[in-house]
Amino acid sequence: MCLLSIYFCDNPGEDEYQVIIASNRDEHLRRATAAAGFWGANGDCLGGLDTSVAGGGTWLGMNKKTGRIGGLTNIAQQGRDMEKKSRGSLVTDYIDSDVATTKYLSTVDDEKKAYNNFHLILMERMEEKYKVHLLSSKMEDSIHEINPGVFVLGNSNYLKPWKKIGYAENKFTQLVAEHNSLSKKDALIDELYGYLGDKTPCYPDDALHSQLGMNPGTIYKPDGTKVGQFVKPEWLSAICVNNELGYGTRSHTLILIDKHGNCDFREKTLDVKFPKPSNDWISSAWSFKIGDC
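Predicted model only: the values in this text are computed from it and were never measured.

*Asks:* Which residues make up the sheet that holds strand β14 (residues 262-270), and what are the values?
*Replies:* Two orientations exist for strands paired in a sheet by backbone hydrogen bonds: parallel and antiparallel. Spatially, the 6 strands line up as an open sheet ordered β10-β1-β2-β13-β14-β15, and their pairing is antiparallel. Looking along the sheet, the strands with just one partner apiece sit at the ends: β10 (149-153) and β15 (281-289). Across this sheet, the average inter-strand angle for adjacent strands is 10°, counted without regard to direction. One ladder, built from 9 bridges, connects β14 with β15; its direction is antiparallel. Along β15, the bridge assignment pairs Lys268 with Ser283. Contacts from helix α4 (residues 185-196) reach β1 (2-8), β2 (17-28), β13 (247-258) and β14 within the one sheet, and its direction differs from that of β13 by about 150°.

In structure tokens, the structure reads:
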């Protein structure tokens, strides 16, 4: 389970950010992962990588040369087809290319059945403004342009959001309204990390159980005998998913971009010591101007 919160506007003030992104990646702690760093054909792409699959993939990344940003959240489902292609490559392939966004989306839309269900966000910087598109693979009309403002995605069906999406959207909207200030960047970053660390359960949630069944996170044998549990349903209903049972939030990522293309990319990554979860987080930070390479 993941959460991707995005704010963008066309005409920010001089002391305002044009883009504010806050993302949680939720995953099994045993899954091999590389913390954020530069990669790609020319070393221009920045983000974490899922190293458990050949070629890697990412849930959130950007290109420091072009300003392209891609984000992905899986649409949670009961049972996953392990023969289908890894979804993380949909982001890495986009940000490391110069293929037109509309053409790329059309190609992915044609091939979406080769993947388990997903939400894909693509952000392209054009004439110092961002165009943002969503491809939600379960929708008949999959591709939508997103209007400026606040937009929050999780792992629920797009038309049947879980309670946590409404809770996160309200909280993120208020945070941006009160703290979008370049001159108070440190305070904004603190608020964003606090937002991503919120473990308030939005539970019970009929939409969550309708999508995942009554006992998501519980492992059973074919005869119905319970084997174990890697996450509790109420934990999945929070912005930050408790990782005590081996699954949960393991990275917080922030992207801040001003109207001149100055970017701050921040990440906190859980220092995973599987099978015993750690409470230690490793912080990383990069600052650059988009296009200066």
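Once you've had a look at it, read on.
*Asks:* Tell me about helix α3 (residues 163-179), and please be specific about residues and values.
*Replies:* With 17 residues, α3 extends 24 Å between its outermost C-alpha atoms, agreeing within 8% with the 24 Å of an ideal straight helix rising 1.5 Å per residue. Of all the residues in α3, the buried ones are Lys164, Ile165, Ala168, Phe172, Leu175 and Val176. Taken down its axis, α3 places every buried residue within 100° of arc, on the same side. The exposed residues of α3 that point more than 90 degrees off its buried face are Asn170, Ala177 and Glu178.

*Asks:* I'd like to hear about a negative patch on the surface, residue by residue, with values.
*Replies:* On the surface, a cluster of negative charge is contributed by Glu178, Asp186, Asp190 and Glu191. Of all the elements, α4 adds the most residues to the negative patch, at 3 residues. If you trace the backbone, Glu178 turns up in helix α3. Its relative accessible area of 53% is what places Glu178 among the exposed residues.

*Asks:* Quick rundown of the packing of aromatic side chains? Include the residues and the values.
*Replies:* Counted by the stated rule, this structure contains 8 aromatic pairs. With a centroid separation of 6.4 Å and 45° between ring planes, the pair formed by Phe151 and Tyr158 is classed as tilted. Classification of Phe151 as buried rests on a relative accessible area of 11%. On the basis of relative accessible area, Tyr158 is assigned to the partly exposed category, the value being 31%. Pairing Phe265 with Trp286 gives two aromatic rings, centres 5.9 Å apart and planes at 75°, and the pair type is edge-to-face. Residue Phe265 is found in strand β14, and its partner Trp286 is found in strand β15; the two are separated by 21 residues along the sequence. Residue Phe265 is classed as buried on the basis of its relative accessible area of 0%.

*Asks:* Can you explain the side chain of Asp26? Please cite residues and give values.
*Replies:* Within the fold, Asp26 resides in strand β2. Although buried, Asp26 forms no salt bridge, and the nearest oppositely charged side chain, Lys164, lies 4.8 Å from it.

*Asks:* Describe the environment of Asp26, listing the residues and the values that go with them.
*Replies:* For Asp26, a relative accessible area of 2% translates into the label buried. Taking the C-alpha atoms as reference, Asp26 lies 8.1 Å from Leu3; in sequence the two are 23 residues apart. Of the polar contacts made by the side chain of Asp26, one reaches the side chain of Thr249; its length is 2.5 Å.

*Asks:* Describe in detail the side chain of Thr269, supporting the description with residues and values.
*Replies:* Tracing the backbone through its elements, the reader meets Thr269 in strand β14. Leave out the neighbours within four places in its chain, and Thr269 touches Ala35, Arg250, Ser251, Asp280, Trp281 and Ile282.

*Asks:* Can you break down the pattern of salt bridges residue by residue, with the values?
*Replies:* One pass over the structure, following the stated rule, counts 9 salt bridges. Of the charged contacts in the structure, one is a salt bridge between Arg25 and Glu27, with a shortest N-O distance of 3.9 Å. Salt-bridge contacts for Glu124 lead to Arg68; the nearest nitrogen and oxygen are separated by 3.4 Å. In this pair, Glu124 sits in strand β7 (residues 118-126) while Arg68 sits in the loop between β5 (60-63) and β6 (69-74), placing the two residues 56 residues apart along the sequence. Here Glu124 matches Arg68 in class, with each residue buried. Overlapping salt bridges, with partners in common, bring together Arg25, Glu27, Arg31 and Asp50 in one network.

Criteria and thresholds
Residues numbered from 1 in each chain as written. Predicted model: local features only at pLDDT ≥ 70, side-chain atom pairs only at ≥ 80, totals over all residues. Heavy atoms only, no water. Pairing = 2+ DSSP bridges. Helix = DSSP H or I, 4+ residues; strand = E, 2+ residues; numbered from the N terminus. Axes fitted to C-alpha atoms, helices over the stretch in contact; angles between N-to-C directions. Contact = heavy atoms within 4.5 Å. Expected span 1.5 Å × (residues − 1). Buried < 20%, exposed > 50% of the residue type's maximum accessible area, 1.4 Å probe, protein only. Arc of directions from axis to C-beta. Patch = residues over 30% accessible without salt bridge, like charges linked within 9 Å, V, L, I, M, F, W, Y side chains within 5 Å. Areas by Shrake-Rupley, 256 points an atom, 1.4 Å probe, with all protein chains shown as cover. Salt bridge = Lys/Arg side-chain N within 4 Å of Asp/Glu carboxyl O. Lys, Arg positive; Asp, Glu negative; His and termini not counted. Charge placed at Lys NZ, Arg CZ, Asp CG, Glu CD. Phe/Tyr/Trp six-rings, centres within 6.5 Å; stacked < 30°, edge-to-face > 60°. Polar contact = N/O pair within 3.5 Å; in protein donor to acceptor, adjacent residues only side chain to side chain.

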